[in-house]
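Residue strings, one per chain:
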Amino acid sequence: MENSTKELILRVAENLFATKGFSDTKISDISSRVQVSDSTVYEHFQNKEDILFTIPRKNTEKLIRLNESHLRGLVGAEVKLRKLIWNYLEFMTQNRDYTNLLLFDLRPTRAFYQTENHRLIREFTGIYRNVIIEGQKEGNFWPEVSPTLILNLIFGTIDLLLITWLIQEKPEDPLSLFAGLFDLVEHAVVRRSRESKNHDKRTQILNAAVKVFSELGFKKARIQDISKLAGVADGTIYKYFRSKEEILFTLPVENTKELIGIQREHLSGLKDTDLKLAVLLKDYLHYIQTHKDYSSIVYFDLRYNRAFYQTDAYQLFRDFARIFYDVIVDGISRQHFRAEVNPYVATKMIFGLTDHVVLSWIIFRRPRHITNLSDPICDLILNALSETHRPGVIS
């Protein structure tokens, strides 16, 4: 009972501090909302400041557990760092009251930096530091750059993005900035050879094409629109691509190769077929969430385009779908899934479901974060494949 009262005080205080401000919130406001006496609040906390400094503990512990869980089985510091940054940005976006509190009441309070709870935050950032050091030891990250400086780059940038979001509601969804954020972090810390300049220009053109196609639609988009956004001459584009169609059909090649690479790394060492399928689905939805412009192109310009099905890009799509198919076949052979399951139809079911979810997300912005549907989708698919109905299979 004592713990539940303490937790309730912390939850209520977090909301009040975020909405009214720490200075304008009184102990009596908290006790009234919790429906206890002021003295009960003082049984658990010395003063209002003690409550403020205790709030980060539970959130930081959640983030540490989340990161430790998501790093299991991941190979390569770059992949790990990407996942860690995504986790933090997603958590802060989904916990707006806490984000408000952290940025406007805790960051500017000198005394907070001397508390035990701040030391827990240092433990949390230590996970990021260790991944950066791992990347430097592997030779993938620049060894001469201080890990502390890289941490300041990451968290300082995220702080300012979140402050603008909280104050101005821009952007509506901070997760939409993830791709741009990680692109900058990646270029700052990952070692790249000078020979990659041509590759960079080609990538520049493809990135511009994604933006142009998603905003204007493939049919209305012109080569001039792409070259202008990419900051190159029209003629430069024709050095790399013969036509607008070739650009369109190249986009899924690059993206699907990246997605296949991520999924194969994440499946490495996993034996349980339920877990494998859950990892595949969550990776796929995470990729869609962080590549919304590309996802809209897949749905509106590729999925129902007859010519696409004659391209090398479509063969890669099939290779990607084959990963899901093989996991389902493996699950049937291990008797984890029902013998009656048709793996071909089950694979189509997975992609048909995600297609329609993506359509609703792109057109109607429902849900706000498509990754919020990861667990329900995993549960639904695994129940379709399994002998008995198992509510909350993954969650």
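Look up: the structure comes first, before these words.
So, a few notes on the structure that sits alongside this text. Sequence order sets the numbering: in each chain, residues are counted from 1 along the sequence as written. In view of the model being predicted, local features appear only for residues whose pLDDT reaches at least 70, and side-chain atom pairs are presented and counted only at 80 or more, with totals across whole chains, interfaces and linings using the full set of residues. Hydrogens and water are ignored here; the side-chain numbers use all heavy atoms of the structure.

Considerations on the overall build of the protein
Applied cut-off: Secondary structure follows DSSP: runs of H or I at least 4 residues long count as helices, runs of E at least 2 residues long count as strands, and numbering of each begins at the N terminus. Working rule for contacts: check all heavy atoms of both residues, and any pair within 4.5 Å makes them a contact. Just so you know, the count uses Lys and Arg for positive and Asp and Glu for negative, and it drops His and the chain ends. Charge positions are represented by NZ for Lys, CZ for Arg, CG for Asp and CD for Glu.
For the protein, the helix and strand inventory stands at 18 helices and zero strands. Principal axes of the C-alpha set define a box for the protein whose edges measure 75 × 55 × 45 Å. Within the protein, contacts between residues at least 6 apart in sequence are counted, and of these 69% link residues at least 24 apart. With 53 positive and 50 negative side-chain charges, the protein shows a separation of 4 Å between the mean positions of the two kinds.

Considerations on helix α9 (residues 178–189)
Cut-off, in case you're wondering: Any helix carries an expected span of 1.5 Å times its number of residues minus one.
Across its 12 residues, α9 extends 16 Å between first and last C-alpha, which sits within 8% of the 16 Å expected from 1.5 Å per residue. Looking at the buried side of α9, the elements it contacts are α5 (77–94), α8 (147–168) and α14 (273–290).

Quick notes on a nonpolar patch on the surface
Short version of the rule: Within the patch definition used here, like charges are joined within 9 Å and nonpolar side chains (Val, Leu, Ile, Met, Phe, Trp, Tyr) within 5 Å, considering only residues with over 30% relative accessible area and no salt bridge. Accessibility throughout is a Shrake-Rupley quantity obtained with a 1.4 Å probe, and a residue counts as covered only by protein chains that appear here. A carboxyl oxygen of Asp or Glu within 4 Å of a side-chain nitrogen of Lys or Arg is what we treat as a salt bridge. Each residue is assigned to one of three classes by its accessible area relative to the maximum for its type, calculated with a 1.4 Å probe on protein chains only: buried under 20%, partly exposed between the two thresholds, exposed over 50%.
Judged by side-chain polarity, F300, I363 and F364 come together as a nonpolar surface patch covering roughly 320 Å² of accessible area. Summarising the element assignment, F300 is placed in helix α15 (residues 292–302). Residue class for F300 comes out partly exposed when judged on its relative accessible area of 44%.

Some details on the environment of L162
Among the structural elements, L162 can be located in helix α8. Overall, the relative accessible area of 0% leaves L162 in the buried class. With 12 residues separating them in the primary sequence, L162 and P174 have C-alpha atoms 7.1 Å apart. Not counting chain neighbours up to four residues away, the residues in contact with L162 comprise L89, M92, T93, T99, L103 and P174.

Some thoughts on the pattern of salt bridges
Taken as a whole and judged by the stated rule, the model has 19 salt bridges. Among the ionic pairs, D375 bridges to K282, the shortest N-O distance being 2.7 Å. You can see D375 sitting in helix α18 (residues 374–385) and its partner K282 sitting in helix α14, a full 93 residues away along the chain. A residue is classified by how much of its surface remains accessible, and K282, at 31% relative accessible area, is partly exposed.

Brief notes about the packing of aromatic side chains
To be explicit about the condition: A pair of aromatic rings is counted whenever rings of Phe, Tyr or Trp (Trp by its six-membered ring) have centres within 6.5 Å, and the orientation is called stacked for planes under 30 degrees apart, edge-to-face for over 60 and tilted otherwise.
If you walk through the whole model with that rule in mind, you get 24 aromatic pairs. Judged by centre distance (5.6 Å) and plane angle (40 degrees), the rings of F53 and F112 are tilted. Separated by 59 residues along the polypeptide, F53 in helix α4 (residues 48–71) and F112 in the loop between α6 (96–106) and α7 (116–138) bring together distant segments of the chain. Each member of the pair F53 and F112 is classed as buried. With centroids separated by 5.1 Å and ring planes inclined at 75 degrees, the aromatic side chains of Y88 and F155 adopt a geometry described as edge-to-face. Here Y88 is found in helix α5, whereas its partner F155 is found in helix α8, with 67 residues between them in sequence.

Some points on the environment of R202
For R202, the location among the structural elements is in helix α10 (residues 197–216). Ignoring any residue separated from it by four or fewer positions in sequence, one finds R202 in contact with Y240, F241, T250 and E254.

Describing the environment of V279
Mapped onto the secondary structure, V279 falls in helix α14. Judged by relative accessible area, which is 18%, V279 ranks as buried. Taking C-alpha positions, V279 is 9.7 Å from S374, a pair spaced 95 residues apart along the chain. With sequence-adjacent residues up to four places away left out, V279 is seen in contact with H266, L267 and L270.

Topic: the side chain of T273
Tracing the backbone through its elements, the reader meets T273 in helix α14. Judged by its relative accessible area of 0%, T273 falls in the buried class. Once residues within four sequence positions are removed from consideration, T273 is found in contact with V327, D330, G331, R334, H336 and F337.

Examining the nonpolar core
As a reminder of what qualifies: To qualify as a nonpolar core, a set must consist of buried Ala, Val, Leu, Ile, Met, Phe, Trp, Tyr and Cys residues joined through side-chain atoms within 4.5 Å.
One finds F213, I226, I247, L277 and F324 to be the most contacted residues of the largest nonpolar core, which totals 64 residues. Taken together, the elements giving at least two residues each to this core come down to α10, α11 (223–230), α13 (244–267), α14, α15, α16 (312–333), α17 (343–364) and α18. Of all the elements, α16 adds the most residues to this core, at 11 residues. Every residue in contact with L277, bar those within four places of it in the chain, is listed here: F324, V327, F337, I350, I381, L382 and L385.

Some remarks on the packing of α14 against α16
Defined as follows: Orientation is described by axes fitted as lines to C-alpha atoms, over the contacting stretch for helices, and by angles from 0 to 180 degrees between their N-to-C directions. An angle counts as roughly parallel when it lies under 35 degrees, as roughly antiparallel when it exceeds 145, as roughly perpendicular when it falls between 65 and 115, and as oblique in every other case. Each helix crossing is assigned a hand: it is left-handed if the near helix lies turned anticlockwise from the far helix by less than a right angle, otherwise right-handed if that turn is clockwise.
Viewed as axis vectors pointing N to C, α14 and α16 meet at an angle of 160 degrees, and their least axial separation amounts to 9 Å. Viewed along their axes, α14 and α16 adopt a mutual orientation that is roughly antiparallel. Read as a crossing pair, α14 and α16 show a hand that is left-handed. On the side of α14, the interface is formed by T273, K276, L277, L280, L281 and Y284, while α16 contributes F320, I323, F324, V327, D330 and G331.

Thoughts on the packing of α5 against α8
We count it as follows: Here the term charged refers only to Asp, Glu, Lys and Arg, the term nonpolar to Ala, Val, Leu, Ile, Met, Phe, Trp, Tyr, Cys and Pro, and the term polar to all other amino acids, Gly among them.
Running from N to C, α5 and α8 cross one another at 25 degrees; their axes reach a closest spacing of 11 Å. Classified by the interaxial angle, the pair formed by α5 and α8 is roughly parallel. Like other packed secondary-structure pairs, α5 and α8 cross with a definite hand, here right-handed. In this structure, α5 contributes L81, I85, Y88, L89, M92 and T93 to the contact, and α8 contributes I154, F155, I158, D159, L162 and W165. Of the residues that constitute the contact of α5 with α8, the class distribution is 10 nonpolar, one polar and one charged.

Here's the deal with α7
Inclusion rule: Here the bend at a residue is taken as the angle between two axes, fitted respectively to the seven residues that end there and the seven that start there.
The terminal C-alpha atoms of α7 lie 33 Å apart, and with 23 residues this matches the ideal 33 Å at 1.5 Å per residue to within 8%. Maximum bend of α7: about 25 degrees, positioned at T125. Those residues of α7 lying buried are N117, H118, L120, I121, F124, G126, I127, Y128, V131, I132, G135 and Q136. At its buried positions, α7 is contacted by α4, α5 and α8. Looking one or two residues beyond α7, the residue adopting positive phi is G139, at roughly 85 degrees.

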